[in-house]
Amino acid sequence: MNHLKRIGFGGGCHWCTEAVFQSLVGVEKVQQGWIASYEENNTFSEAVIIDYNPKLIPLEVLIEIHLHTHKSTSAHSMRKKYRSAIYIFNKNEESQTRRILDKLQLKFNDKLITQVLYYSKFKASRAEITNYYYKNPKKPFCETFINPKLKLLLEKFNKYTSNRILHLKANEI
């Protein structure tokens, strides 16, 4: 019986977001690409869709990790391409997700700009650029932008990190 839940996250480069969520216990699948919502958010923005087991990693932890691994308080000029969002797939998820965001706001000095949006469409990345970090961990982009996010996971969310990133401890990111 399938007990997996689905949620989408956008905010920064989808290579970074993909690597973060691929590195967590309980995340069974990460699809990298672009997500569109509705109305003023109907354009595609870099994001991932994840399928996760809530018994192994709670939604609140996933959202907190997301908020800490992208600029969730910054309304910078690239927000069309990198929309700070949590994409939900049904109405029942909306109030829970908003409550979690309100609670997590207390952990940030600046106001969170992350939106809760309904999922509309997904466009997958080309296969050549999926699983980017784990295919290319030594590339300068990965070392510069992704390693600090994974180091944060190891420091603040160690209980939820998978064996996949244990090599990073030995190499001391």
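Residues numbered from 1 in each chain as written. Predicted model: local features only at pLDDT ≥ 70, side-chain atom pairs only at ≥ 80, totals over all residues. Heavy atoms only, no water.

Caption draft 1: Inspection of the packing of aromatic side chains at higher detail. Here the structure, examined in full by the defined rule, presents 7 aromatic pairs. Between tryptophan 15 and tyrosine 132, the ring centres sit 3.6 Å apart and the planes meet at 5°, which makes this aromatic pair stacked. Here tryptophan 15 is found in helix H1 (residues 14-22), whereas its partner tyrosine 132 is found in helix H4 (residues 132-135), with 117 residues between them in sequence. The burial state of tryptophan 15 is the same as that of tyrosine 132; both residues are buried. Pairwise contacts between aromatic rings join Trp15, Tyr132, Phe141 and Phe145 into one cluster. One Lys or Arg, lysine 123, reaches over the ring of tryptophan 34 and ends 5.9 Å from the middle of that ring. One residue, lysine 123, lies across the ring of phenylalanine 44, its end atom 4.6 Å from the ring centre. (Phe/Tyr/Trp six-rings, centres within 6.5 Å; stacked < 30°, edge-to-face > 60°. Helix = DSSP H or I, 4+ residues; strand = E, 2+ residues; numbered from the N terminus. Buried < 20%, exposed > 50% of the residue type's maximum accessible area, 1.4 Å probe, protein only. Lys NZ or Arg CZ within 6 Å of the ring centre and 35° of its normal.)

Caption draft 2: Summary view of the confidence of the model for the chain. Chain-level statistics for the chain give a pLDDT mean of 92 and a share of 94% at 70 or above. When pLDDT is averaged over each element of the chain, strand S4 (residues 85-88) comes out on top at 98 and helix H6 (residues 166-171) at the bottom at 58. (pLDDT = per-residue confidence, 0-100.)

Caption draft 3: Local environment of the environment of phenylalanine 89. Within the secondary structure, phenylalanine 89 sits in the loop between S4 and helix H3 (92-105). Through-space distance from the C-alpha of phenylalanine 89 to that of tyrosine 160 is 24 Å; in sequence the pair is 71 residues apart. When residues no more than four places from it in sequence are discounted, the contact partners of phenylalanine 89 are Arg6, Ile7, Gly8, Ile49 and Tyr119. (Contact = heavy atoms within 4.5 Å.)

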